[in-house]
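Descriptive structure summary
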Amino acid sequence: MNTTPNTPDFDALDAAIKAEAEEKMKIIRVVATAHKELLDTREEFARKDAANVGNLDAALTEALRVGFTEGSIKQWRVDAPSKKGPARRSATRRNTTTKPANKVKDSIPAKESASEQSA
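All values derive from a computational prediction rather than experimental measurement. (Residues numbered from 1 in each chain as written. Predicted model: local features only at pLDDT ≥ 70, side-chain atom pairs only at ≥ 80, totals over all residues. Heavy atoms only, no water.)

When its secondary structure is counted, the protein chain shows 4 helices and 0 strands. When the elements of the protein chain are put in sequence order from the N terminus, they spell out α-α-α-α. Carbon together with sulfur atoms contributes 58% to the accessible area of the protein chain, which is approximately 12200 Å² in total. (Helix = DSSP H or I, 4+ residues; strand = E, 2+ residues; numbered from the N terminus. Areas by Shrake-Rupley, 256 points an atom, 1.4 Å probe, with all protein chains shown as cover.)

A separate point is the pattern of salt bridges. In a structure, side chains of opposite charge can pair up when their charged atoms sit close to one another. All told, the structure shown has 7 salt bridges when counted by the stated rule. As a salt-bridge pair, Glu44 and Lys48 come within 3.2 Å of each other at their nearest N and O atoms. Of the two residues, Glu44 and Lys48 are both situated in helix α1 (residues 10-65); the distance of 4 residues between them amounts to about one turn of the helix. Close ionic contact of Arg65 with Glu62 constitutes a salt bridge, the shortest N to O distance being 2.5 Å. Remark: Glu62 and Arg65 occur in helix α1; sequence separation between them is 3 residues, near one turn of the helix. Residue Glu62 is classed as partly exposed on the basis of its relative accessible area of 37%. (Salt bridge = Lys/Arg side-chain N within 4 Å of Asp/Glu carboxyl O. Buried < 20%, exposed > 50% of the residue type's maximum accessible area, 1.4 Å probe, protein only.)

For α1, built from 56 residues, the straight-helix expectation of 82 Å at 1.5 Å per residue is met to within 8% by its first-to-last C-alpha distance of 82 Å. Residue Gly67 follows α1 closely and has a positive phi angle near 120°. (Expected span 1.5 Å × (residues − 1).)

A cluster of nonpolar residues, Met25, Ile27, Ile28, Val30 and Val31, forms a patch on the protein surface that exposes about 450 Å² of accessible area. Assessed through its relative accessible area of 45%, Ile28 is described here as partly exposed. (Patch = residues over 30% accessible without salt bridge, like charges linked within 9 Å, V, L, I, M, F, W, Y side chains within 5 Å.)

All quantities given are derived from atomic positions and should not be read as evidence of function.
As structure tokens, this is what we get:
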């Protein structure tokens, strides 16, 4: 006959589940904080960038007004930032195969040059 009790140790299960949940909560707080900081930094940069672009545009307009030509100030023009992020490379690497050295060519004697034939 089976003499071991058929009831699980609920206290041990409870402690294990709580420990796992606490570990998950700890790391997700780190993830959420890092994510918020990243978004805040990007937002701050976008605000500063927009202000800088506005200042540059105003200065270029003033330069044109006082007699500079578009050609003389074109080096100072900047394109509007792209809404799309930089192109991403594929995670997989392309396999490039190199051709093995052609051993047959090396074993065939080269044709004699015209000067060797006439000699």
